[in-house]
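Spelled out, the chains give:
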Amino acid sequence: MSAMVEAVGVRKTFGDLEVLRGIDMTVATGQVVCVVGPSGSGKSTFLRCINHLEEPQAGRIRVDGELIGYEEVGGRLRVLPEARLCRQRQSIGMVFQRFHLFPHRSAVENVMEGPVTVKGRRRERAREEALALLDRVGLADRAHHYPAQLSGGQQQRVAIARALAMAPKLMLFDEPTSALDPELVGEVLQVIKDLAADGMTMIVVTHEMGFAREVGDHLVFMDDGVIVEQGPPRDVLRSPRHDRTRAFLSKVL
Ligand code: ADP
Ligand code: MG
């Protein structure tokens, strides 16, 4: 199986604060990797390094074989020109805790925005595709609603459809259900689960251990900028080998 993500030795500091202290991670194509860990352990920063929203101080990240953020010229690394960085980012979908929808645009307009403005898709074509994506996340009947008229779970599903509209190779989810009322968590997890079943490669930062166990192919526990422990979700959750993993799991399970 080929690797969709290959991160090696990723380090990131903010001033004196070492947030990532050498992260290695490989995600095979079609695999779902769940990342768990205490607040402040560097999970979001790592995701942001993958699409170069943060520039790591060291390390290399490849997505589908392509070095992210840099090009190799004569054996040396050079920062990638902005236009090419944008193209790389387009191939990586990201869904955040907060949905960041455009408030004055309907669900379908939110979903078609990227394809029209960034990819130059014709509006009619983009609208058809957006409607199909809204159908896929179970919101065909909400296409013309505005974000304020949708529940948090519905808004997050629109955000997922919007990310999918760019036809990403990889999806990054950063605590996609943490801002939701408990009764809305399930519908969003179900959409992510369906995506996994369709073969989407993804990294999901989550506190939903049931989801990690059921949907994750691999579980990574991060603490204090390092990967402390990883393995099949069932094994890590049932019999963690490290004290830090045990301490964390005892709080969230
Ligand atoms: P997590 O997602 O695991 O909660 P984060 O990656 O958000 O952790 O943050 C890790 C650490 O990095 C935290 O201590 C946070 O305060 C710090 N941090 C994150 N982003 C910045 C930033 N832009 N500037 C300074 N410190 C930051
Ligand atoms: Mg975070």
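Residues numbered from 1 in each chain as written. Chains lettered and ligands numbered in written order. Predicted model: local features only at pLDDT ≥ 70, side-chain atom pairs only at ≥ 80, totals over all residues. Heavy atoms only, no water.

Participant: Before we go on, may I ask you to explain the overall build of the chain in this structure?
Facilitator: Along its length, the chain carries 9 helices and 12 strands. For a compact globule of 253 residues, the expected C-alpha radius of gyration is about 18 Å, and the chain comes in at 18 Å, within 12% of that figure. The C-alpha extent of the chain, read off along each of the three principal axes, is 50 × 50 × 40 Å. For the chain, contacts bridging at least 24 residues in sequence account for 62% of all contacts bridging at least 6. Summed over all atoms, the accessible surface of the chain reaches about 12,200 Å², with 47% contributed by carbon and sulfur. Computing the positive centroid from 33 side-chain charges and the negative centroid from 33, the chain places the two 3 Å apart. (Helix = DSSP H or I, 4+ residues; strand = E, 2+ residues; numbered from the N terminus. Rg over C-alpha atoms; globule rule 2.2 N^0.38 Å. Contact = heavy atoms within 4.5 Å. Areas by Shrake-Rupley, 256 points an atom, 1.4 Å probe, with all protein chains shown as cover. Lys, Arg positive; Asp, Glu negative; His and termini not counted. Charge placed at Lys NZ, Arg CZ, Asp CG, Glu CD.)

Participant: Hey, could you run me through the sheet that holds strand β2 (residues 17-28) in this one?
Facilitator: Strand pairing in a sheet takes place through backbone hydrogen bonds and is either antiparallel or parallel in direction. Within the open sheet, the 4 strands sit side by side as β2-β1-β4-β5. Their pairing is antiparallel. The open sheet terminates on both sides in strands that have one partner only, identified here as β2 and β5 (66-67). Note that strand β1 (residues 3-14) and β2 share 9 bridges and pair antiparallel. In the sheet register, arginine 11 faces β2, and the bridge partner there is arginine 21. Strand contacts of helix α1 (residues 43-50): β1, β2 and β4 (58-63), with the helix running at about 60° to β2, the strand carrying the most contacts. (Pairing = 2+ DSSP bridges. Axes fitted to C-alpha atoms, helices over the stretch in contact; angles between N-to-C directions.)

Participant: Would you mind showing me how to read the site of ligand 1 here?
Facilitator: For ligand 1, the full set of nearby residues is Phe14, Leu17, Val19, Pro38, Ser39, Gly40, Ser41, Gly42, Lys43, Ser44 and Thr45. One nitrogen or oxygen atom from the side chain of serine 44 is found 2.8 Å from an oxygen atom belonging to ligand 1. For ligand 1, whose unbound accessible area comes to 560 Å², protein coverage reaches 59%. When contributions to the shell around ligand 1 are tallied by element, the ones reaching two or more residues are β2 and α1. Of the residues forming the shell around ligand 1, the biggest block, 3 residues, is contributed by α1. Partitioned by chemical class, the residues of the shell around ligand 1 number 4 nonpolar, 6 polar and 1 charged. (Near = heavy atom within 4 Å. Polar contact = N/O pair within 3.5 Å; in protein donor to acceptor, adjacent residues only side chain to side chain. Nonpolar A, V, L, I, M, F, W, Y, C, P; charged D, E, K, R; others polar.)

Participant: Even after reading the chapter, I still don't get the environment of valine 63, so can you show me in this structure?
Facilitator: Within the secondary structure, valine 63 is located in strand β4. Taking the C-alpha atoms as reference points, valine 63 and arginine 127, separated by 64 residues in sequence, lie 29 Å from one another. When residues no more than four places from it in sequence are discounted, the contact partners of valine 63 are Met4, Ile50, Ile68, Ile92 and Leu170.

Participant: Just checking my understanding: could you explain the nonpolar core for this structure?
Facilitator: The tendency in soluble globular proteins is for nonpolar side chains to be buried as a group. In this structure, Leu134, Ile160, Met171, Phe173 and Met202 are the most contacted members of the largest nonpolar core, which totals 52 residues. For this core, the element with the most residues is helix α6 (residues 182-197), which contributes 8 residues. (Core = buried A, V, L, I, M, F, W, Y, C linked by side-chain atoms within 4.5 Å. Buried < 20%, exposed > 50% of the residue type's maximum accessible area, 1.4 Å probe, protein only.)

Participant: Teacher, can you tell me more about the sheet that holds strand β8 (residues 92-95) here?
Facilitator: One open sheet holds the 6 strands; their spatial order is β8-β9-β10-β3-β11-β12, and the pairing between them is mixed. Two strands lie at the open edges of the sheet, namely β8 and β12 (226-231), each paired on one side alone. The sheet shows a mean angle of 20° between the axes of neighbouring strands, taken without regard to direction. Across 5 bridges, strand β9 (residues 170-174) lies against strand β10 (residues 201-205) in parallel orientation. Pairing of leucine 170 across the sheet is with threonine 201, part of β10.

Participant: When you look at the pairing of β4 in this model, what are you seeing that I'm missing?
Facilitator: Looking down a regular strand, the side chains alternate between one sheet face and the other. As defined by bridge partners, β1 adjoins β4 across 5 bridges and the pair is classed as antiparallel. Each bridged residue has a counterpart across the sheet, and for alanine 7 the counterpart in β4 is isoleucine 61. Summarising the sheet, β4 and β5 pair through 2 bridges and their orientation is antiparallel. Opposite valine 63, over in β5, you have glutamate 66 as the bridge partner. What sits between the antiparallel neighbours β4 and β5 is a turn of 2 residues, in which aspartate 64 has the positive phi angle 50°.

Participant: I would appreciate a short explanation of the side chain of aspartate 223 in the present structure.
Facilitator: Note on placement: aspartate 223 falls in strand β11 (residues 218-223). What aspartate 223 contacts, discounting residues up to four positions off in sequence, is Pro38, Ser41, Val228 and Arg244.

Participant: So what exactly am I meant to see when it comes to unusual backbone geometry here?
Facilitator: As a rule of thumb, non-glycine residues mostly have phi less than zero, and peptide bonds are mostly trans rather than cis. Even without glycine at this site, aspartate 64 takes up a positive phi of about 50°. Assignment of secondary structure puts aspartate 64 in the loop between β4 and β5. The backbone phi angle of alanine 167 is positive, close to 50°, even though this residue is not glycine. Relative to the helices and strands, alanine 167 resides in the loop between α5 (152-164) and β9. Judged by its relative accessible area of 58%, alanine 167 falls in the exposed class.

This is a description of form; function is not addressed.
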